[in-house]
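# Breakdown of the fold
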Amino acid sequence: MESSPYWRRFSEQRLSRRRALKAGLVGLGGAGVALAGCGGGEEEPAAEGTPAPEGTATPRPYGTPRYGDRLILGLSADPGGLDPHLCVTCYWVAGNIHGFMYSVDIRDQSTQLQMAESYERVDEVTYIWKLKPGIKFHDVDPTFGREVVADDIVYSMTRRRDDPASQNDKQLLRDFTASFEATDKYTFQLVTTRPYAPAYDEIGNPSYAIVPHEAVEKWGDLQHHAVGCGAFILRDFVKAEKVILDRNPDFYMKGLPYTDGRDWIIVTDPSTLLQAFKTKQHDYTTAALDKLKVQDLKKIEGVIVRESDNFWHPTLLLRVDRPPFVDKRMWEAVDLAVDRQDLIDKIAFGDGKFAGPIVADLKYWALPQEELREFYKVDLQKAKQLMEAAGYGDGVTVDVPVENVTNMAKYAEVVKEHLAKIGINCNLQLKELGVYLAQHLYQGNFQMTWYINLPYVEPDRPLGNWFSKGAAGFNFAGYNNPEMDEWVWKERSEFDPEKRREIIHEAQRAMMREHGPQINTTTSQGWVAYWDWVHGPETSAGMGSWGWLGVDTYLTDRH
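## Focus on helix α10 (residues 328–337)
- Most of α10 sits inside the fold, with eight of its ten residues counted as buried.
- Along α10, the residues that are buried comprise M330, W331, E332, A333, V334, D335, L336 and A337.

## So, the confidence of the model for the protein chain
- Confidence in the prediction of the protein chain, expressed as mean pLDDT, is 86, and 87% of residues score 70 or more.
- Predicted confidence for residues 18–62 stays below pLDDT 50, and this span has 117 contacts to residues more than four positions away or in other chains.

## Some thoughts on the sheet that holds strand β9 (residues 177–184)
- The four strands lie next to each other as β7-β8-β10-β9, forming an open sheet whose pairing is antiparallel. Every other strand in the sheet has two partners, leaving β7 (116–121) and β9 as the edge strands with one partner each. The average undirected angle you get between the axes of adjacent strands in this sheet is 15°.
- Sheet analysis places β9 next to strand β10 (residues 187–192), joined by six bridges and oriented antiparallel. The residue of β10 that forms the bridge with D184 is T187.
- Against the sheet, helix α4 (residues 150–162) contacts β8 (126–131), β9 and β10, and its axis sits at roughly 155° relative to β9.

## Digging into empty space enclosed by the protein
- On inspection of all chains with the given rule, the structure shows four cavities of 30 Å³ or more.
- Quantified by volume, the second largest cavity comes out at close to 70 Å³.
- Taken together, F311, H313, I358, V359, L362, N453, L454, P455, Y456 and P462 form the lining of the second largest cavity.
- Looking at the lining of the second largest cavity residue by residue, the classes come out as eight nonpolar, two polar and no charged.

## Things to note about the state of the cysteines
- If you walk through the whole model with that rule in mind, you get one disulfide.
- The partner cysteine of C87 in its disulfide is C90, sulfur to sulfur 2.2 Å. Every disulfide takes its handedness from the sign of the S-S torsion; for C87 and C90 that torsion is 100°, giving right-handed. The exposure classification of C87 matches that of C90, with both residues buried.

## Observations concerning the packing of α10 against helix α13 (residues 380–389)
- Where α10 meets α13, the closest approach of the two axes is 8 Å, and the angle between their N-to-C directions is 160°. Regarding the angle of α10 to α13, the classification is roughly antiparallel. In this structure, α10 crosses over α13, and the sense of that crossing is left-handed. Here α10 contributes R329, M330, E332, A333, L336 and A337 to the contact with α13, which in turn contributes L380, K382, A383, L386, M387 and A389.
- For the contact of α10 with α13, the per-class residue count stands at nine nonpolar, no polar and three charged.

## Considerations on the pairing of strand β18 (residues 396–403)
- Burial of β18 is extensive: six of the eight residues sit out of reach of the surface.
- With eight bridges connecting them, β18 and strand β19 (residues 424–431) associate as parallel partners. Paired with E403 across the bridge in β19 is K431.

## Description of the sheet that holds strand β11 (residues 232–238)
- Read from one edge to the other, the open sheet built from seven strands follows the order β11-β12-β13-β4-β14-β23-β15, with strand pairing classed as mixed. The sheet is open, and its two edges are formed by β11 and β15 (303–308), each paired on a single side.
- Against the sheet, helix α8 (residues 270–278) engages β4 (70–75), β14 (284–285), β15 and β23 (526–531), with an angle of about 40° to β23.

## What about the environment of G470?
- One can find G470 in the loop between β20 (448–453) and α16 (482–492).
- Taking the C-alpha atoms as reference points, G470 and Q171, 299 residues apart in sequence, are found 8.9 Å from one another.
- Excluding anything up to four places from it in sequence, G470 contacts Q171, G464 and N475.

## A look at the environment of Y284
- Structurally, the position occupied by Y284 is in strand β14.
- Spatially, the C-alpha atoms of Y284 and A529 are 6.1 Å apart, while their sequence positions differ by 245 residues.
- Once you skip the residues sitting within four places of it in the chain, Y284 turns out to touch I72, L73, G74, F277, V528, A529, Y530 and P537.

## Examining the side chain of R319
- Relative to the assigned elements, R319 resides in the loop between β16 (313–318) and α10.
- Here the side chain of R319 touches G444 through a polar contact of 3.4 Å, landing on its backbone oxygen.
- A polar atom in the side chain of R319 sits 2.9 Å from the backbone oxygen of F476.
- Discounting chain neighbours no more than four positions away, the residues touching R319 are F325, G444, F446, Q447, N475, F476, A477 and G478.

What counts, and at which threshold
Residues numbered from 1 in each chain as written. Predicted model: local features only at pLDDT ≥ 70, side-chain atom pairs only at ≥ 80, totals over all residues. Heavy atoms only, no water. Buried < 20%, exposed > 50% of the residue type's maximum accessible area, 1.4 Å probe, protein only. Helix = DSSP H or I, 4+ residues; strand = E, 2+ residues; numbered from the N terminus. pLDDT = per-residue confidence, 0-100. Contact = heavy atoms within 4.5 Å. Pairing = 2+ DSSP bridges. Axes fitted to C-alpha atoms, helices over the stretch in contact; angles between N-to-C directions. 1 Å grid on protein atoms, 1.4 Å probe; cavity = no way out; pocket = protein on both sides within 12 Å on 5 of 7 lines; lining within 4 Å. Points joined across faces, edges and corners; volume = space filled by probe spheres on them. Nonpolar A, V, L, I, M, F, W, Y, C, P; charged D, E, K, R; others polar. Disulfide = S-S within 2.5 Å. Parallel < 35°, antiparallel > 145°, perpendicular 65-115°, else oblique. Left-handed = near helix turned anticlockwise from the far one by under 90°. Polar contact = N/O pair within 3.5 Å; in protein donor to acceptor, adjacent residues only side chain to side chain.

Structure (structure tokens):
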């Protein structure tokens, strides 16, 4: 359908950071650009169904949306909690509850302001955001609809940095930030210790939600008592069963959201989850879809299956400061034994791509497929020679904890077969997500491990396993190489996107030649599925934290 006038205006107003930086609009010495917030202009006709709040414009993705009804979503994994500062697995649900200053679109690196009404990079280290006046936390205990102010941003940044239970990346705020403060009621300023190009995209990711101190002080955390300023208010959360959310009538984007609520139903068995969708128990599914399941779904009248980019990165990681991977020849042996095309054929049924240090669908920053395929060629004979030279000619057995989410167990089983061919015998240990993170990944308690890198918006984050301070502020692999640190700081210090892209391409090539500590594998094609009475999911695809808000979707009559 044709976009509404609102969304055409919105699309025209979105600022491409790439274009702005190239043109010098985000300049130095106070010449920074103030980005306009979304909305404004002429009012749109109200949507059908429940009336919109009086006197507000009604943004809409396309057609004529309706207010009312509840969206029922099938969820394949327990989010583990609803606190965006403490967990890395809950954003897709917790994002419905919380608010963010802005988001960055993964597809084109453009910015969309949310709680912020303007942004300026004053100089190479100073960033300023102006908060929209009148935004309210939820009108529930203990915030009771009080206004959100810049001090709440300071509190949220401090908590995210300092809470020992936080599993999120602490590096920017802990290691590379000189100061942050509220300079007045609605103004937040952050100063980095040195020019740091990833800072802006980093703060736009969904772990930088703005949360109220009262709720944390009352309940200790927000895992089961989430209160925010987002589009939906928590009514009920039963671990491993459901999350029930109701529309926030005071949401700061007037006229949104459309639905009266979002009900997340947790079904961890993929086949049961998919059957619930097929029988119309769920409107939308997050079941782990693959090529064969998609072919089956496309035969069902009324089901919409949409291809999507996939930024999740299945990763094999080596602990390189402990035997047997202290010897770099063992890294290369593993890299040469992993058959990427076999992974694509067996797990993605042919619909997959080779992954370098940055996944293929982060297109602007990733290396070309033809280059990756030329580099990642299987050579078992050379791998065995390297094993022999390293003193493991008779083989070796390694313990391999596996993050038991999506299809990681399948990845591990296939690569276990590959490595057995050169004498590396893998003792796979499937671990529930929380146990895996707490007892293995964050503790460095592994010889070799399988986990899935998060779908990063910013290209710096996937390069973290080659940085001495590590990814997310944790050196998981025990890896330290001054040459790789130099590459990372070189790309971090370059603000021109085109020059930075060239640096990142060369950095990836240098990292690939290391053959570790991260063994890059493959990514599969992404899909989502929903019934034809659901409208709007495609509107926010790829839009970073905007996509977690849940505001674009509306329903027509189920049938």
